[in-house]
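Notes for the structure review
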Amino acid sequence: MAVDALDARGEPIGRLGRPGISELTFDGGSIGGRMGATHGMGAGIGAGRWAPGMADAAFEVGYDPWLPRWMPDGLERGRPRVEPDIAYPAAPPAIVVAWTGDGGARVLLRQAPAPLASPDGGGFHAREVPVGDAVGMLRSRGLVTLVWETPDRAFGLQVRGIPDGDEVALRVARSIAP
């Protein structure tokens, strides 16, 4: 089950679905819950499994991941994770890769075939930014997240513990190509 969520002003803020939900209730007449402040594509690591390597992850999901050509100095790429979309079990799974460094620094990239079932509608703390030919939604309150979609691929990027996180997110995103 998935529900598009609106904030108190009626602005879309994402989906009430498995990622980002700490509580979801339904009493027959209304639905409620508490969710994170980002679209599911910008969420952290969720349900799934670690793949031994990138080739194994690509084989399992049925597509080759697009990786950034630029990453801040001092970050090392970890193992890829294959994550199903709980809300859409028939959809191809996402590949999640995190680059980590000292002091909790992390850049996390999630990608899945486009289109998104529920595109990022923005919201109060989001702003539109250009990512190549696409338009992304950047949130930079605390944890920086960026969600965008090309005709072939949907992406979610998360930056934490790195100075100038907005600029880092944009530079990493703009360096991703097939």
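Values in this document were obtained by computation on a predicted structure and should not be read as measured data.

Helix and strand content of the protein chain: two helices and 13 strands. Expressed as a percentage of the 178 residues in the protein chain, the buried residues total 44%. Surface summary for the protein chain: the accessible area is close to 9500 Å², and the carbon and sulfur share equals 52%.

Right, let's talk about the pairing of strand β8 (residues 94-100) for a bit. Taken across its seven residues, β8 has six buried, putting it largely inside the fold. Note that strand β7 (residues 81-83) and β8 share three bridges and pair antiparallel. When the sheet's bridge partners are listed, arginine 81 is paired in β8 with valine 96. Strand direction decides the pairing type here: β8 and strand β9 (residues 106-113), joined by six bridges, are antiparallel. Within β9, the residue paired with valine 97 across the bridge is leucine 109. Remark: five residues form the turn of the hairpin made by β8 and β9, two consecutive strands paired antiparallel; glycine 103 in that turn has positive phi of roughly 70°.

All right, on to the packing of aromatic side chains then. By the definition in use, this model includes two aromatic pairs. Ring geometry for tryptophan 66 against phenylalanine 155: centres 5.8 Å apart, planes inclined by 40°, an arrangement best described as tilted. One end of the pair, tryptophan 66, is in the loop between α1 (54-61) and β6 (76-77); the other, phenylalanine 155, is in strand β13 (residues 153-160), with 89 residues separating them in the sequence. Take tryptophan 66 and phenylalanine 155: they sit in the same class, and that class is buried.

Counting buried positions along helix α2 (residues 165-174) gives seven out of 10 residues, so the element sits mostly inside the fold. Residues Gly165, Asp166, Val168, Ala169, Leu170, Val172 and Ala173 constitute the buried set of α2. Along its buried surface, α2 packs onto β9, β10 (126-131), β11 (134-139), β12 (144-149) and β13.

For the peptide bond that leads from alanine 114 to proline 115, omega is 5°, which places it in the cis range. Relative to the helices and strands, proline 115 is located in the loop between β9 and β10. Positive phi is not limited to glycine here, since aspartate 164 has a value of about 55°. Secondary-structure assignment places aspartate 164 in the loop between β13 and α2. What makes aspartate 164 exposed here is its relative accessible area of 61%.

Looking at the element boundaries, aspartate 166 is found in helix α2. Sequence separation between aspartate 166 and serine 140 is 26 residues, and the spatial gap between their C-alpha atoms is 6.4 Å. Side-chain polar atoms of aspartate 166 contact the side chain of serine 140, separated by 3.2 Å.

As a further point, take the pattern of salt bridges. All told, the structure shown has four salt bridges when counted by the stated rule. Of the charged contacts, one joins arginine 49 and glutamate 60 as a salt bridge, the two residues approaching to 2.3 Å between their closest N and O atoms. Of this pair, arginine 49 sits in strand β5 (residues 49-50) while glutamate 60 sits in helix α1, placing them 11 residues apart in sequence. Taking the relative accessible area as the measure of exposure, arginine 49 reaches 39% and is therefore partly exposed. Given a relative accessible area of 36%, glutamate 60 falls into the partly exposed group. Residue glutamate 83 pairs with arginine 110 through a salt bridge whose shortest N-O separation is 2.6 Å. Here glutamate 83 is found in strand β7, whereas its partner arginine 110 is found in strand β9, with 27 residues between them in sequence.

What counts as what
- Residues numbered from 1 in each chain as written.
- Predicted model: local features only at pLDDT ≥ 70, side-chain atom pairs only at ≥ 80, totals over all residues.
- Heavy atoms only, no water.
- Helix = DSSP H or I, 4+ residues; strand = E, 2+ residues; numbered from the N terminus.
- Buried < 20%, exposed > 50% of the residue type's maximum accessible area, 1.4 Å probe, protein only.
- Areas by Shrake-Rupley, 256 points an atom, 1.4 Å probe, with all protein chains shown as cover.
- Pairing = 2+ DSSP bridges.
- Phe/Tyr/Trp six-rings, centres within 6.5 Å; stacked < 30°, edge-to-face > 60°.
- Contact = heavy atoms within 4.5 Å.
- Polar contact = N/O pair within 3.5 Å; in protein donor to acceptor, adjacent residues only side chain to side chain.
- Salt bridge = Lys/Arg side-chain N within 4 Å of Asp/Glu carboxyl O.

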